[in-house]
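A closer look at the structure
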Amino acid sequence: MRYTKLGSTCTMVPVIGQGTMGIEVPIQDSRESEKDAVARLRAGFDLGMTLVDTAENYGMGRAEIFVGKASRGIREKVCIATKVSPEHLTHDSLIRACEGSLHRLNSDYIDLYQIHWPNPSVPLQETMEAMRTLKEQGKIRAIGVSNFSVRQIQEAKAALDGEELTSSQVEYNLFDRGIEQDLLPYCQSNGMTVMAYSPLDQGVVAQRRLKVLTEISEKCQVPPAKIVLNWLVSHRNVVAIPKARKIEHIRENAAAADFQLDPEDMATIESAFRTLPIEVPTNRIKVVLDGVGNRRAYQTLEQALENSLGFTPSPLELAEDMRGKDDVLKPVRVRPSTDPSGKYDYDLVEGRIRYWAWVIAHDGGRPMRVLVRE
Ligand code: NAP
């Protein structure tokens with residue numbers, strides 16, 4: 001395993017860690033228990049993947065409980081990064097959320113406490129004041145953000161008033177390389193760690209036998225997932241947090257930084273995977289209910305404005321923050337539409353709140369940046 005500094009702190013972390021979203025759901029058709037899931041996480045730690053990313057809302061807190069159990073007896077060797085949800089960003093709410101995470105993690109400190117998503121209706125000053133209090137009390141050791149644009153990171157840094165902002169967790173994989181434009185260089189020049197989430201594009205990279213990857217993989221005698229992770233962490237300041245429940249995947253991921261890709265293969269990967277966002281009129285995109293994760297979604301503007309599902313931030317709140325700014329961090333994901341009416345070019349599969357926020361912010365009159373999944 002290769003190690004790197006976590007932000008500008010003295011903490012060293014492995015460049016490959018472990019994600020935990022969904023680890024609490026038993027593997028399909030298996031009769032596995034919580035004990036098995038905890039044992040797998042522990043196996044990952046024993047193989048060197050001692051950086052673990054979790055969140056208060058993964059499995060309604062169960063993922064944190066599993067992390068706590070897996071790190072029992074080796075707590076000081078594990079770097080636990082957890083996340084506070086956007087609905088808990090007011091001062092008192094954040095302090096309470098942190099107490100809840102500490103309890104579930106069965107620990108008296110969190111190594112890296114991250115804001116999961118921005119919430120424009122709570123002033124960052126207030127959130128960061130609570131973060132500073134937690135740090136002074138020793139309950140958290142470093143502060144990070146997730147899903148923040150460069151502008152929002154700059155605001156967060158300013159609100160921290162000299163306290164270090166250690167990391168930025170964002171989606172980064174071969175399908176979505178958007179951060180290479182601005183966020184990655186920004187973090188590199190400001191001594192921040194970039195924690196790449198969904199580094200295997202939620203498994204798609206390995207499932208679809210992508211020609212270029214298969215060729216390099218056969219030439220190097222290394223599975224495609226290892227090539228992808230190796231390529232990702234070859235970028236300065238980048239660590240990756242793949243989620244794996246199969247033990248063979250855990251073993252592969254743990255060894256993904258233990259070799260060096262040929263510069264020629266690196267260049268081939270660089271040029272083969274350049275999915276650029278395109279701009280599409282919002283009325284050519286249909287919101288479908290079977291997108292990634294089958295999450296709940298609004299299908300009409302009226303529903304989105306009403307926000308009866310209680311999303312925080314609401315589409316309207318997000319729209320207010322978007323007006324007059326061009327830095328929506330993540331383009332939404334679409335796939336060619338299956339709607340027979342001919343009214344739509346694409347079905348929306350990811351980014352359902354951001355889509356409606358964009359429609360509201362621009363009165364439906366401005367095309368939206370999308371990444372097209374084939
Ligand atoms: P991911 O890590 O890109 O992909 C996970 C999928 O890849 C699983 O289906 C897994 O299969 C498969 N996989 C893992 N290792 C493999 C290997 N060596 N070969 C082939 N397939 C492999 O996706 P993710 O779970 O979305 O992202 C990882 C972590 O990032 C999450 O768990 C979470 O901690 C974090 N995250 C954060 C945010 C945020 O908003 N901050 C959003 C998404 C994710 P098996 O499970 O069957 O082994």
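Attention in this report is confined to the structure presented alongside it.

Definitions and cut-offs
- Residues numbered from 1 in each chain as written.
- Predicted model: local features only at pLDDT ≥ 70, side-chain atom pairs only at ≥ 80, totals over all residues.
- Heavy atoms only, no water.
- Pairing = 2+ DSSP bridges.
- Helix = DSSP H or I, 4+ residues; strand = E, 2+ residues; numbered from the N terminus.
- Axes fitted to C-alpha atoms, helices over the stretch in contact; angles between N-to-C directions.
- Near = heavy atom within 4 Å.
- Polar contact = N/O pair within 3.5 Å; in protein donor to acceptor, adjacent residues only side chain to side chain.
- Areas by Shrake-Rupley, 256 points an atom, 1.4 Å probe, with all protein chains shown as cover.
- Contact = heavy atoms within 4.5 Å.
- Core = buried A, V, L, I, M, F, W, Y, C linked by side-chain atoms within 4.5 Å.
- Buried < 20%, exposed > 50% of the residue type's maximum accessible area, 1.4 Å probe, protein only.
- Disulfide = S-S within 2.5 Å.
- Right-handed = clockwise from strand over helix to strand, strands pointing away.
- Parallel < 35°, antiparallel > 145°, perpendicular 65-115°, else oblique.

1. A closer look at the sheet that holds strand E13 (residues 332–336)
Pairing between the strands of a sheet is mediated by backbone hydrogen bonds and can be parallel or antiparallel. Taken in spatial order, the 5 strands make up an open sheet running E11-E15-E13-E14-E12, and their pairing is mixed. The open sheet terminates on both sides in strands that have one partner only, identified here as strand E11 (278–280) and strand E12 (285–287). Strand-to-strand, the axes of this sheet are offset by a mean angle of 50°, without reference to chain direction. Note that E13 and strand E14 (residues 346–350) share 4 bridges and pair antiparallel. Note that in E14 the partner of arginine 335 across the bridge is aspartate 347.

2. Quick look at the site of the ligand
With respect to spatial proximity, 29 residues lie near the ligand, and among them Asp53, Ser198, Leu200, His249 and Asn253 are the closest. Between a nitrogen atom of the ligand and a side-chain N or O atom of tyrosine 58, the distance comes to 3.5 Å. Between the ligand and proline 199 there is a distance of 3.3 Å, counted from an oxygen atom to a backbone nitrogen or oxygen. For the ligand, whose unbound accessible area comes to 910 Å², protein coverage reaches 90%. The dominant element in the shell around the ligand, judged by the number of residues it contributes, is helix H10 (residues 247–254), at 3 residues.

3. Quick look at the sheet that holds strand E9 (residues 193–197)
The sheet built from 8 strands is open, its strands ordered E3-E4-E5-E6-E7-E8-E9-E10 with parallel pairing. With one partner strand each, in any of the chains shown, strand E3 (18–19) and strand E10 (238–240) form the two edges of the open sheet. Note: E3 against strand E4 (residues 51–53), 2 bridges, orientation parallel. In the strand pairing of E4, glutamine 18 is matched with valine 52. Contacting strand E5 (79–84) and strand E6 (112–115), helix H3 (residues 91–105) crosses the sheet at an angle of about 140° to E5.

4. A short note on the nonpolar core
By size, the foremost hydrophobic cluster in this structure holds 78 residues, and its most contacted members are Tyr113, Ile115, Met128, Met131 and Leu165. Of the residues forming this core, the biggest block, 7 residues, is contributed by helix H9 (residues 224–233). Leucine 165 has contacts with Met128, Ile143, Gly144, Val145, Ile153, Ala156, Lys157, Leu160 and Met192, leaving out every residue within four places of it along the chain. Among the nonpolar cores identified, the runner-up in size contains 24 residues, and Val280, Tyr298, Val334 and Val370 belong to it.

5. Details of the environment of methionine 368
Tracing the backbone through its elements, the reader meets methionine 368 in strand E15 (residues 368–372). Separated by 325 residues in the primary sequence, methionine 368 and alanine 43 have C-alpha atoms spaced 43 Å apart.

6. Re unusual backbone geometry
As a rule of thumb, non-glycine residues mostly have phi less than zero, and peptide bonds are mostly trans rather than cis. Threonine 312 connects to proline 313 through a cis peptide bond whose omega is -10°. Summarising the element assignment, proline 313 is placed in the loop between helix H12 (301–306) and helix H13 (315–322). Despite not being glycine, aspartate 161 shows a phi value in the positive range, around 50°. One can find aspartate 161 in the loop between helix H5 (150–160) and strand E8 (165–171). Of note, the phi angle at asparagine 237 is positive, near 75°, even though the residue is not glycine. Mapped onto the elements, asparagine 237 comes out in the loop between H9 and E10.

7. Topic: the state of the cysteines
With the rule as written, the count across this model stands at 0 disulfides. Of all cysteine sulfurs in the structure, the one in cysteine 10 sits closest to cysteine 79, which takes part in no disulfide; the separation is 13 Å.

8. Structural notes on the pairing of E6
Neither face of E6 is exposed, since Leu112 and Gln114 on one face and Tyr113 and Ile115 on the opposite face are all buried. Two elements, E5 and E6, share 4 bridges in a ladder whose sense is parallel. Along E6, the bridge assignment pairs valine 84 with isoleucine 115. Of the pairings in the sheet, the one linking E6 to strand E7 (residues 143–146) comprises 3 bridges and is parallel in character.

9. Brief notes about helix H2 (residues 62–70)
Among all positions in H2, only Ala63, Glu64, Phe66, Val67, Gly68 and Ala70 are buried. Where H2 is buried, its residues contact helix H1 (34–46), E4, E5 and H3.

10. Re the environment of methionine 12
Note on placement: methionine 12 falls in strand E2 (residues 12–14). With 318 residues separating them in the primary sequence, methionine 12 and lysine 330 have C-alpha atoms 29 Å apart. Not counting residues up to four positions away in its chain, the partners in contact with methionine 12 are Tyr3, Thr4 and Lys5.

11. Here we look at the pairing of E7
What you see with E7 is no split at all: Ile143 and Val145 on one side and Gly144 and Ser146 on the other are buried throughout. The handedness of the E6 to E7 crossover, carried by helix H4 (residues 124–136), is right-handed. Pairing of E7 with E8 involves 4 bridges; the strand directions are parallel. Looking at E8, one finds that glycine 144 is bridged to serine 167. The handedness of the E7 to E8 crossover, carried by H5, is right-handed.

12. Quick word on the packing of H2 against H3
Closest axis-to-axis distance for the H2/H3 pair is 7 Å, and the angle between their directions is 45°. In this view, H2 runs oblique relative to H3, as classed from their interaxial angle. For the pair formed by H2 and H3, the contact residues are Glu64, Ile65, Val67 and Gly68 on the first element and Ser101, Arg104 and Leu105 on the second.

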